[in-house]
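Next come the chains, spelled out residue by residue.
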Amino acid sequence: MELQPGREAVVRVAVATLWTSPEAVRPVDQPALTARADIPTWVSGLDTDQQVGDCVLSQLLLGERVLVSELRPDGWARVVAVEQPAAKLDPRGYPGWLPADQLVPVDPTVTGHPLVVDATVTGLRAAPNGPVVLPGVVVGTRLVPAGPARDGWQPVHVPGQAAPLWMPDGQLTSAPVEPPDAADALAVAQRLLHVAYVWGGLSAYGIDCSGLVHLAWRRFGVLLPRDADDQAQVTTPLPLGEERPGDLYFFARPGRKIHHIGIVTAVPGDQEDRRMLHACYRRRRVVEEPLPADRTATLVGAHRV
């Protein structure tokens, strides 16, 4: 089967990057563009200015579905990431570009209740205790089992791989059927403390503020929108002072749309006690900290998922 415009496909690399256009990519982005998409090498090669370049829109995880809308002769595909809601951009999902060789057509024979990767970062192996075939698989990735676990190892179907690959059974969990407790999502986000800030990032190698929120809830099957202003639209506002750990803080400058989001980490006794976990643009990493005065000045609300 080949990729076709108008048909769905799935991501075959551990983490694929969604770009504004093929022409927007920079020489430093080359590791993220290959058929193996070496995201650790890509992120480690970015300087602090390149970490916030606006050529990156989002990232997609192994097995994530997209709708292909255009295929270019130079190997680029325009897609809609249907698992990343983006109502203001496209009602179908987040639109953007990625290398077509990071996708494969949907295999209709692969069915079943998915398992979710719960390891922060792991690799898929050719056999139990065998060599790693696909490194860099991150938390929140969904994979369909390819049979029962054996000796503590689980075989899974992997897009683009002819044979099942294997992962330690303890690094996978059944996809939840009930919404998570906010504290559970916070615990996932806390595992990404100190991860590099990358504009548009959505992985344990680099992540942005709304990506941190999206990924933490995605681990439990809740598909929040990709961008912070859209996340505010689908969550429930709370009176300030009633927030609990795992709730969300939103920030905006007067007369402007929401530009930042953080996850509440402490129950406030008063505004001096407010703390949050967030991917911080200024410090270029994920941090947990009290809200400084300039953040408090732009705090426009607390919401609950």
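Details of the structure are given in the entry above.
Below, the structure is looked at part by part. Source: prediction; values computed, not measured.

A word on the pattern of salt bridges
Proximity of charged atoms lets side chains of opposite charge pair with each other. In the structure shown here, the tally under the stated rule is 19 salt bridges. Ionic pairing is found between aspartate 229 and lysine 88, a salt bridge with its closest N-O pair at 3.3 Å. One end of the pair, aspartate 229, is in helix H5 (residues 228-233); the other, lysine 88, is in the loop between strand S5 (76-81) and strand S6 (94-99), and 141 residues separate them in sequence. You can call aspartate 229 buried: its relative accessible area is 14%. Judged by its relative accessible area of 40%, lysine 88 is partly exposed. Of the charged contacts, one joins arginine 191 and aspartate 118 as a salt bridge, the two residues approaching to 3.4 Å between their closest N and O atoms. Of the two residues, arginine 191 sits in the loop between helix H3 (182-190) and strand S15 (196-197) while aspartate 118 sits in the loop between strand S8 (115-117) and strand S9 (121-125), which places them 73 residues apart along the sequence. By relative accessible area, aspartate 118 is classed as partly exposed at 26%. Within this structure, Lys88, Asp227, Asp229, Asp230 and Lys257 form a network of salt bridges that share partners.

Here's the deal with the pairing of S5
Burial within S5 is extensive, with 5 of its 6 residues counted as buried. The pairing of strand S4 (residues 65-71) with S5 spans 5 bridges and is antiparallel. Note on S5: the bridge partner recorded for leucine 67 is valine 80. As paired strands, S5 and S6 are joined by 6 bridges and run antiparallel to one another. Within the sheet, the bridge partner assigned to valine 79 lies in S6 and is glycine 96.

What counts, and at which threshold
- Residues numbered from 1 in each chain as written.
- Predicted model: local features only at pLDDT ≥ 70, side-chain atom pairs only at ≥ 80, totals over all residues.
- Heavy atoms only, no water.
- Salt bridge = Lys/Arg side-chain N within 4 Å of Asp/Glu carboxyl O.
- Helix = DSSP H or I, 4+ residues; strand = E, 2+ residues; numbered from the N terminus.
- Buried < 20%, exposed > 50% of the residue type's maximum accessible area, 1.4 Å probe, protein only.
- Pairing = 2+ DSSP bridges.

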